[in-house]
Amino acid sequence: MAAAPVIIPSVAKHTSTLIFLHGLGDTGHGWATSMGALRTPDMKVICPTAPNMPVTMNGGFRLNSWFDLKSISISDPEDEEGIKKATRYVHELIQSEMKAGILSNRIMLGGFSQGGALALYAGLTFAEPLAGVMALSCWLPLHKSFPSVRKCPDTVPVLQCHGDCDPIVFYKFGQLSSSVLKSFMKNSHFQTYQGLGHSSCDAELSDMKKFIDDHVPRQ
């Protein structure tokens, strides 16, 4: 991995962690300020930056990308090897926090767009129960491999957020992913934002803050 993650330390005794993954072409700095505003006082925020690589969908030009994207569609071929390599990196971040004494169920995983897709896949394939997964404007990668590749308990909370005017990751892909998730996860919620494109909004950030407060209560 290229750049070091952006880290915002907790302001109180560190007892929980939020790991948030940016979208295609962005860096960890892109979401760090927003995530810092959502955290609880005892929560550390980690916003890693994806490696720089050629992206097929971008004509082979290099971008910060968690894995190669041939297209953003629920039916097209996917970079399975790249998704699994990026997942190992996310699992290492989680395990590093656990080695530092943070319980897995006090670690929240989230991401936007391609980062949200990776957060979903990494959270569902991590054996220990996480506090939850926040998946923004994204899809479930390698969806046909589920539920057989799921390793997490089926009670891990999932918050999926999607704008119904998203021109990049179509709203219907989010809905289809939600249907797949709800078939094997007991606590999966899909939240729609009317008029929202491929971005975030105050209402979404407010819902994320509530999700964090509910599932990673301050100790």
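Position numbers for residues count from 1 along each chain, tracking the sequence in the order it is written. Local features in this predicted model are restricted to residues of pLDDT 70 or higher, and side-chain atom pairs are both shown and tallied only at a pLDDT of 80 or more, whereas totals for entire chains, interfaces and linings draw on every residue. The side-chain figures draw on all heavy atoms in the structure; neither hydrogens nor water molecules are used.

Caption draft 1: Spatial organisation of the packing of helix H2 (residues 80-99) against helix H3 (residues 114-124). Running from amino to carboxyl end, H2 crosses H3 at an angle of 70°, the nearest separation of the two axes being 9 Å. Compared by their axis directions, H2 and H3 come out roughly perpendicular. For the pair H2 and H3, the contacting residues are Ile83, Lys84, Ala86, Thr87, Val90 and His91 in the first and Leu118, Tyr121 and Ala122 in the second. Note on residue classes: Ala, Val, Leu, Ile, Met, Phe, Trp, Tyr, Cys and Pro are nonpolar, Asp, Glu, Lys and Arg are charged, and everything else, Gly too, is polar. For the contact of H2 with H3, the residue count by class is six nonpolar, two polar and one charged. Between N-to-C directions, angles cover 0 to 180 degrees, with each direction set by a line fitted to C-alpha atoms, over the stretch in contact for helices. Runs of E in the DSSP output that reach at least two residues are strands. Runs of H or I that reach at least four are helices, and both are numbered from the N terminus. An angle below 35 degrees is treated as roughly parallel, one above 145 as roughly antiparallel, one from 65 to 115 as roughly perpendicular, and anything else as oblique. The contact criterion used throughout is that any non-hydrogen atoms of two residues lie within 4.5 Å.

Caption draft 2: View of the pairing of strand E8 (residues 158-163). Accessibility here uses a 1.4 Å probe with only protein chains present; expressed as a share of the type maximum, an area under 20% marks a residue as buried, one over 50% as exposed, and anything in between as partly exposed. When you tally the buried positions in E8, you get six out of six residues, the bulk of the element. Side-chain alternation along E8 places Val158, Gln160 and His162 on one buried face and Leu159, Cys161 and Gly163 on a second face that is also buried. Judged from the four bridges that link them, strand E7 (residues 132-136) and E8 form a sheet pairing that is parallel. Paired with Val133 across the two strands is Val158, which belongs to E8. Between any two strands, pairing holds if DSSP finds at least two bridges.

Caption draft 3: Structural context of the state of the cysteines. Note that a disulfide, as used here, is simply two cysteine sulfur atoms within 2.5 Å. In the structure shown here, the tally under the stated rule is zero disulfides. Free cysteine: Cys201, not disulfide-bonded; nearest cysteine sulfur from Cys161 at 8.4 Å. Relative accessible area serves as the criterion here: at 21%, Cys201 is assigned to the partly exposed category.

Caption draft 4: Just the pattern of salt bridges, in detail. Within this document, salt bridges are pairs made up of a side-chain nitrogen of Lys or Arg and a carboxyl oxygen of Asp or Glu, the two lying within 4 Å of each other. Summed over all chains, the structure comprises six salt bridges. For the salt bridge of Asp42 with Arg106, the shortest nitrogen-to-oxygen distance reads 3.2 Å. Note that Asp42 is positioned in the loop between helix H1 (29-38) and strand E3 (43-47) and Arg106 in the loop between H2 and strand E6 (107-112), a separation of 64 residues in sequence. An identical accessibility class is assigned to Asp42 and Arg106; each is buried. In this structure, Asp154 engages Lys186 in a salt bridge whose closest nitrogen and oxygen atoms are separated by 3.7 Å. With Asp154 in the loop between E7 and E8 and Lys186 in the loop between helix H4 (171-182) and strand E9 (188-193), the pair connects residues that are 32 residues apart, well separated along the chain. Accessibility expressed as a relative area gives 68% for Lys186, which makes it exposed.

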